[in-house]
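Inside the fold
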Amino acid sequence: MKELNEIIRQHQRRYPRLELVDLVKLIYQNEFGVGHFIADEKASLARLEAELQGLSYVPGELFEPIGAGLYRLRLQALGDTLSPATVNRFFLLTAQREQGTIEGFREKLQILQAFYPGDELDSFLQEYQAAGYPPLSHSPSYKEHYAPSYRVVKGIFAQFLPVFEQIEKRLAQSKERLTVAIDGRSGGGKSSLGQLLQDVYACPVISMDHFFLRPEQRSPARLAEAGGNVDYERFSLEVSPHLREKTPFQYQIYSCQTQTFTPSPLLDAHRLIVVEGSYSHHPLLAADYDLKVFLTVSPEEQRERIVKRNGPVMLERFVNEWIPLEELYFSTFAIQEKSDIVLHTDQEHPM
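Residues numbered from 1 in each chain as written. Predicted model: local features only at pLDDT ≥ 70, side-chain atom pairs only at ≥ 80, totals over all residues. Heavy atoms only, no water.

Considering helix α14 (residues 312-333)
Taking 1.5 Å of rise per residue, 22 residues should cover 32 Å, and α14 covers 30 Å from first to last C-alpha, within 8% of that figure. At phenylalanine 318, α14 is bent by approximately 45°, the largest bend along its length. Phi turns positive one or two residues past the end of α14, at alanine 334, with a value near 50°. (Helix = DSSP H or I, 4+ residues; strand = E, 2+ residues; numbered from the N terminus. Expected span 1.5 Å × (residues − 1). Bend = angle between axes of the 7 residues up to and from the residue.)

In structure tokens:
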């Protein structure tokens, strides 16, 4: 409620001509997000493209927070930052998130009592409840003065905007395949970003977790080697030669639990291919990438995420074994400093 209260105040300052219905709409989007499932992606894209054709570019913040991990993506500020198809994917993926509840919505509406203490609010809410709490349009005053045009999207798209922006720019400039590699600290969100890119672009993603060292490789000398805690030799043989090609390929996935290999799915000839995971920026592999992304996180947040993801027992192995090996690799090869994009991910957004 504290976050929502501050967001309402921000909107009142930013949009002094807004009316009660505009704040109720804001709270509706805060609770329900898009508010409905998008069944036809092509029709949704066609509507977006038609809307964009009628807009003039207005510089400003592309993403406006509305709370609960959601943002309004302001179409007037879009320019050439993202393609309509990508914005539409943001919108569709947001529509698939778990919806809010009427009970939660009613509770949030009560915050408006501090802003509208008279009969206006009570009368409005009574009529709104009787109508079944339908989606609302902005007030005529809001439309006249602010010409709202936006899509409600998840905050994770705003968090990783620099990555999407560079991918869009590079795909537009070249017809060659684009290879993106995501490295960074444990718990920084490498796998989450890889999955997000796959969700948006339907591109293949290769995980460095598939290249754990086999037992016979885990010698003291190998583990003492900066960046040695990954099978970069096998990656160089099975993956690197194919990253520039526009032909499907497969590689072998190693399971450290069963100590066996299984073939990967056939990776299609998509224009974008992503490699994610620790040691992906190893100097022996880095020349094959067009865009290198590094995700970092504070030690405190890193521990919390590892405990949540792996449990307290595994945290000890991370702290005493794997994190020191990663930090040696980062410092020895200046991995963060040589990356094209560095993002701090302490603020976590739901997928």
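There is more to say after this.
Here we look at unusual backbone geometry
Note: most residues except glycine have negative phi, and most peptide bonds are trans. We note that tyrosine 133 has phi near 55°; this positive angle belongs to a residue other than glycine. Turning to its location among the elements, tyrosine 133 is positioned in the loop between α6 (119-130) and α7 (140-146). Of the residues examined, tyrosine 133 reaches a relative accessible area of 10% and is grouped as buried. Although it is not a glycine, alanine 202 adopts a positive phi angle of roughly 55°. (Buried < 20%, exposed > 50% of the residue type's maximum accessible area, 1.4 Å probe, protein only.)

Some points on helix α13 (residues 299-310)
Here α13 is 12 residues long and its end C-alpha atoms lie 16 Å apart, about the 16 Å a rise of 1.5 Å per residue gives. Here α13 has its buried residues at Glu301, Gln302, Arg305 and Ile306. For α13, the angular spread of the buried residues around the axis is 135°, confining them to a single face. Every exposed residue of α13 that faces more than 90 degrees away from the buried side is listed here: Glu300, Glu304 and Lys308. Those residues of α13 that are buried are in contact with α14. At the C-terminal side of α13, glycine 311 shows a positive phi close to 95°. (Arc of directions from axis to C-beta. Contact = heavy atoms within 4.5 Å.)

Regarding the environment of threonine 258
Residue placement: threonine 258 occurs in the loop between β6 (252-255) and β7 (260-263). A polar side-chain atom of threonine 258 sits 3.2 Å from a polar atom in the side chain of serine 255. Here the side chain of threonine 258 touches threonine 260 through a polar contact of 2.6 Å, side chain to side chain. (Polar contact = N/O pair within 3.5 Å; in protein donor to acceptor, adjacent residues only side chain to side chain.)

So far we have only geometry, and geometry alone does not tell us how the molecule works.
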